[in-house]
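Summary of structural features
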Amino acid sequence: MPRSHTEQLTVLIEQLAQLSCFSGIKSISLIEQGDSHPCFKVVDVNNGFFAKYFKDPNERQPYNKLYQLVADEGLSPDLIYGDEFWQVSQFVEGKSLNLCPLSVNEKIEQAIKLMVRCHQCIDVNKLTAIPILDMAKIIKPLTLTLSASQKHIISKVCDMLSSKIVITPKVLCHGDINFSNIILANKPWLLDFDCARLADREFDIAMMIAVNNLVSGSISSVIDSCVEHYQVASNANVAIDKEKVTCYLYFSFIINGLWYWEQSRNNRDKSLQYQAFTQFTYFDKCNFITKNLMDDMASIV
């Protein structure tokens, strides 16, 4: 008989308590967040730690070296421990950027400064295990529960976008620079590199726009603003292709919408369903295809 969610968490906490990196554990608490992996705060006699569990060891293995590299560069908190199932890092006490009393423009500036450091400081030649961005490969498992007609629409969009983008693995892209993945403490920290890919820098810019819902106004205006911030942060050393950012943005709306939709079904969470529909609505406003994706997805609610 399958274990309940509470029983599964109890087993994980028992496993976590046995890891060799802790000394005299005082408390273990579940961190409630949007992460698809169970996360915990562990406090022992010496320090506080952030622990993440990976059900599939193959999912974590390619990222072992990456987490060490970004910690060495001071982008992320120090990596304390890692095995095939667990990743433990220093727990940073601070405030999530999405909750900070800053303007949207100031938040974009903070996020892009970290993005540029990620693109410039990490040698991709040391990251041969990190996959190159593959749109179809990311999207396909997110469409398993869709109808045949919905799969056809998504596949058609994928093919159209792929024909417009020649993906060159130029830099390490974080892949999910959500403001909630940035902690402001003694300095800004960038967390959660689980979606990292080798891709164009334009992909990171586009995904940041999409996942933070920055397109309430003109898409071209927000792209112009983000590219300007990128040029300032990088000292104008790189050229950013705005048309490529736009194509990646369409792709990001699809990925995010499908991911939120799948999570809403698994967790029976209406707020995640709303986020999914928000992403699909943004995609429809782009008029990339004549079919209204939002109406089609809403038909299966």
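Presented here is a report on the structure given in the accompanying data block. (Residues numbered from 1 in each chain as written. Predicted model: local features only at pLDDT ≥ 70, side-chain atom pairs only at ≥ 80, totals over all residues. Heavy atoms only, no water.)

Section: the overall build of the chain
Helix and strand counts for the chain come out as eleven helices and ten strands. For 301 residues, the compact-globule estimate of 2.2 N^0.38 gives 19 Å, and the C-alpha radius of gyration of the chain, at 20 Å, lies within 12% of that figure. For the chain, the spread of C-alpha atoms along the principal axes amounts to about 60 × 55 × 40 Å. Counting across all 301 residues of the chain, residues that qualify as buried make up 50%. For the chain, long-range pairs separated by at least 24 residues make up 68% of all intrachain contacts whose partners lie at least 6 apart in sequence. (Helix = DSSP H or I, 4+ residues; strand = E, 2+ residues; numbered from the N terminus. Rg over C-alpha atoms; globule rule 2.2 N^0.38 Å. Buried < 20%, exposed > 50% of the residue type's maximum accessible area, 1.4 Å probe, protein only. Contact = heavy atoms within 4.5 Å.)

Observations regarding the sheet that holds strand β6 (residues 95-96)
Pairing within the open sheet is antiparallel, and its three strands lie in the order β6-β8-β9. Strands at the two margins of the open sheet, each flanked by one partner only, are β6 and β9 (188-190). Sheet analysis places strand β8 (residues 182-184) next to β9, joined by three bridges and oriented antiparallel. Residue pairing in the sheet places I182 in a bridge with L190 of β9. Strands in contact with helix α4 (residues 104-121) are β8 and β9; relative to β9, the strand with the most contacts, it is inclined by about 60°. (Pairing = 2+ DSSP bridges. Axes fitted to C-alpha atoms, helices over the stretch in contact; angles between N-to-C directions.)

Brief notes about the sheet that holds strand β1 (residues 27-30)
Strand pairing in a sheet relies on backbone hydrogen bonds. The paired strands run either parallel or antiparallel. With antiparallel pairing, five strands are arranged side by side in an open sheet as β1-β2-β3-β5-β4. Edge positions in the sheet fall to β1 and β4 (79-82), since each of these pairs with one other strand and no more. The average angle at which neighbouring strand axes cross in this sheet is 20°, direction not considered. Sheet topology places β1 next to strand β2 (residues 39-43); four bridges connect them, and they run antiparallel. Counted as the bridge partner of L30 is F40 from β2. Of the strands in this sheet, β1, β2, β3 (48-53) and β5 (86-90) are in contact with helix α1 (residues 5-17), which crosses β2 at around 45°. Where helix α3 (residues 64-72) meets the sheet, it contacts β3, β4 and β5, and its direction lies at approximately 170° from that of β4.

Focus on the packing of helix α8 (residues 219-233) against helix α9 (residues 242-267)
Where α8 contacts α9, the axes come no closer than 11 Å and their chain directions differ by 120°. Judged on the interaxial angle alone, α9 and α8 are oblique. Regarding α8 and α9, the two cross each other, and that crossing is right-handed. Touching I219, I223, D224 and V227 of α8 are K242, V245, T246 and L249, all from α9. For the contact of α8 with α9, the per-class residue count stands at five nonpolar, one polar and two charged. (Parallel < 35°, antiparallel > 145°, perpendicular 65-115°, else oblique. Left-handed = near helix turned anticlockwise from the far one by under 90°. Nonpolar A, V, L, I, M, F, W, Y, C, P; charged D, E, K, R; others polar.)

Description of the pattern of salt bridges
Two side chains with opposite charge may pair up if their charged atoms get near one another. Evaluation of the coordinates by the stated rule reveals six salt bridges. As a salt-bridge pair, E109 and K113 come within 3.7 Å of each other at their nearest N and O atoms. Taken together, the positions of E109 and K113, both in helix α4 and four residues apart, correspond to about one turn of that helix. In this structure E109 comes out as partly exposed when scored by relative accessible area, which is 35%. Relative accessible area serves as the criterion here: at 45%, K113 is assigned to the partly exposed category. Residues joined in a network through salt bridges with shared partners are K52, D192 and D194. (Salt bridge = Lys/Arg side-chain N within 4 Å of Asp/Glu carboxyl O.)

Side note on the side chain of N256
Note that N256 resides in helix α9. Judged by its relative accessible area of 8%, N256 falls in the buried class. With near-sequence residues (within four places) excluded, N256 lies in contact with M207, A210, V211 and Q279.

A look at α1
Helix length check: α1 (13 residues) gives 18 Å between terminal C-alpha atoms against 18 Å at 1.5 Å per residue, within 8%. Taken as a whole, α1 has its buried residues at L9, L12 and L16. All buried residues of α1 project into a common sector of 60° when viewed along the axis, lining one side. (Expected span 1.5 Å × (residues − 1). Arc of directions from axis to C-beta.)

What about the nonpolar core?
Ranked by internal contacts, the top residues of the largest apolar core, which has 80 residues, are L66, L172, F193, M208, I209, L249 and F251. For this core, the element with the most residues is α9, which contributes twelve residues. Contacts of L249, omitting those with residues within four sequence positions, involve A206, I209, A210, V215, I219 and I223. Counting 13 residues, the second largest nonpolar core, distinct from the first, contains L16, C21, F22 and V88. (Core = buried A, V, L, I, M, F, W, Y, C linked by side-chain atoms within 4.5 Å.)

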